[in-house]
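Survey of secondary and tertiary structure
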Amino acid sequence: GAGVSQTPSNKVTEKGKYVELRCDPISGHTALYWYRQSLGQGPEFLIYFQGTGAADDSGLPNDRFFAVRPEGSVSTLKIQRTERGDSAVYLCASSLTHANTGELFFGEGSRLTVL
Amino acid sequence: DQQVKQNSPSLSVQEGRISILNCDYTNSMFDYFLWYKKYPAEGPTFLISISSIKDKNEDGRFTVFLNKSAKHLSLHIVPSQPGDSAVYFCAAKGDHTGGFKTIFGAGTRLFVKA
């Protein structure tokens, strides 16, 4: 597709359940990022992939969060044993290059609600 | 530790007038700054950027000013239009954050009244 695609757009789950969020970046973009946006806040960095490898996962809040990008294109963010505090919009972005001047192209986000 | 701060949660401006959105940062190692615009239920979209070697960048109705000594940047929109009503995020990058990690402010919601 022309832009970054994220699925599902909305996910409601119960506390303790496992969740997967998917991101399909713009074709040809080697850099992929996951951000989390809580109400009233700006996007908060979670993890960055250059190709298949996670170049920086320093933003993942704890070991319940994990992300993969096995073929260097689609990425999946996985959250185990979800907690109410995980409720947020999870944004995926891609860019052509990881260089300093590279702007991010965001998807519409996946809104996660943990009851 | 909020490295990029947008202290005004909202701003209301009359159509045709100038909108000025402000942003402060704490780390002098940031060397590239961006503004993103976000409509409801959409992801942020890139608007305009500026390198730390410049103090001004203009693109149509949008101008970004950078004052490195004050660690302050601002986005000017003139003339403001109702379609500009959105949340505006200030963001910054630098080698100290790995060069690729963009740090965002909390955003300012702009209302342009017709």
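Residues numbered from 1 in each chain as written. Chains lettered and ligands numbered in written order. Predicted model: local features only at pLDDT ≥ 70, side-chain atom pairs only at ≥ 80, totals over all residues. Heavy atoms only, no water.

Some points on the overall build of chain A
Note the cut-off: Strands are runs of DSSP state E lasting at least two residues, helices are runs of H or I lasting at least four, and both sets are numbered from the N terminus onward. Atoms counted for the radius of gyration: C-alpha only. Globule rule: 2.2 Å times the number of residues to the power 0.38. Buried residues are those whose accessible area, probed at 1.4 Å on protein chains only, stays under 20% of the maximum for their type, while exposed residues exceed 50% and partly exposed ones sit between those limits. Any pair of residues with heavy atoms lying within 4.5 Å of one another is described as a contacting pair. Note on areas: Shrake-Rupley with a 1.4 Å probe; residue coverage comes only from the protein chains shown. By the counting rule applied here, Lys and Arg register as positive and Asp and Glu as negative, while His and the ends of each chain are not counted. To locate a charge, the coordinates of NZ of Lys, CZ of Arg, CG of Asp or CD of Glu are taken.
From N to C terminus, chain A includes 0 helices and 11 strands. When the helices and strands of chain A are listed from N to C terminus, the series reads β-β-β-β-β-β-β-β-β-β-β. Computed over the C-alpha atoms, the radius of gyration of chain A is 13 Å, within 12% of the 13 Å expected from 2.2 N^0.38 for a compact globule of 115 residues. Principal-axis analysis of the C-alpha atoms places the extent of chain A at approximately 40 × 25 × 25 Å. Counting across all 115 residues of chain A, residues that qualify as buried make up 46%. A separation of at least 24 residues holds for 54% of the contacts in chain A among residues at least 6 apart in sequence. Surface summary for chain A: the accessible area is close to 5,500 Å², and the carbon and sulfur share equals 48%. Across chain A, the centroid of the 11 positively charged side chains sits 8 Å from that of the 12 negatively charged ones.

With respect to the packing of aromatic side chains
Basically, it comes down to this: A pair of aromatic rings is counted whenever rings of Phe, Tyr or Trp (Trp by its six-membered ring) have centres within 6.5 Å, and the orientation is called stacked for planes under 30 degrees apart, edge-to-face for over 60 and tilted otherwise.
The tally for this structure, following the rule as stated, stands at 12 aromatic pairs over all chains. Seen from their ring centres, A:Y35 and B:F104 are 5.5 Å apart, and the 85° between their planes marks the pair as edge-to-face. Residue A:Y35 is found in strand β4 (residues 31-37), and its partner B:F104 is found in strand β10 (residues 103-104); the two belong to separate chains. The residues A:Y35 and B:F104 share a single accessibility class, namely buried. Here the aromatic rings of B:F89 and B:F104 are separated by 6.4 Å at their centres, their planes lie at 85°, and the arrangement is edge-to-face. Here the residue B:F89 occupies a position in strand β9 (residues 86-93), and B:F104 occupies one in strand β10, the gap between them amounting to 15 residues.

Things to note about the sheet that holds strand β8 (residues 75-79) of chain A
Residues and elements named next belong to chain A. Note the cut-off: Two strands qualify as a pair provided that DSSP identifies no fewer than 2 bridges between them. What counts as an axis is a line fitted to C-alpha atoms, over the stretch in contact for a helix, and the angles between N-to-C directions run from 0 to 180 degrees.
Read across the open sheet, the 4 strands follow the order β1-β3-β8-β7; overall the sheet is antiparallel. Edge positions in the open sheet fall to β1 (5-7) and β7 (65-68), since each of these has one partner strand only. Neighbour-to-neighbour, the strand axes of this sheet turn through a mean angle of 15°, independent of strand direction. For β1 and strand β3 (residues 19-24), the ladder comprises 3 bridges, and the chain directions are antiparallel. Note that in β3 the partner of S5 across the bridge is D24.

Looking at the environment of B:K101
Put simply, the test is: Two N or O atoms count as a polar contact when they lie within 3.5 Å, although within protein this holds only if one can serve as hydrogen donor and the other as acceptor, and sequence-adjacent residues are included solely when both atoms are side-chain atoms.
Looking at where B:K101 falls in the secondary structure, it is placed in the loop between β9 and β10. For the pair B:K101 and B:V78, spaced 23 residues apart in the sequence, the C-alpha separation amounts to 30 Å. With residues up to four places along the chain from it excluded, the contact list for B:K101 reads A:Y35, A:F45, A:D56, A:S58, B:A92 and B:K93. At a separation of 3.1 Å, a polar atom in the side chain of B:K101 contacts the side chain of A:S58.

What is shown is where atoms sit, not what they do.
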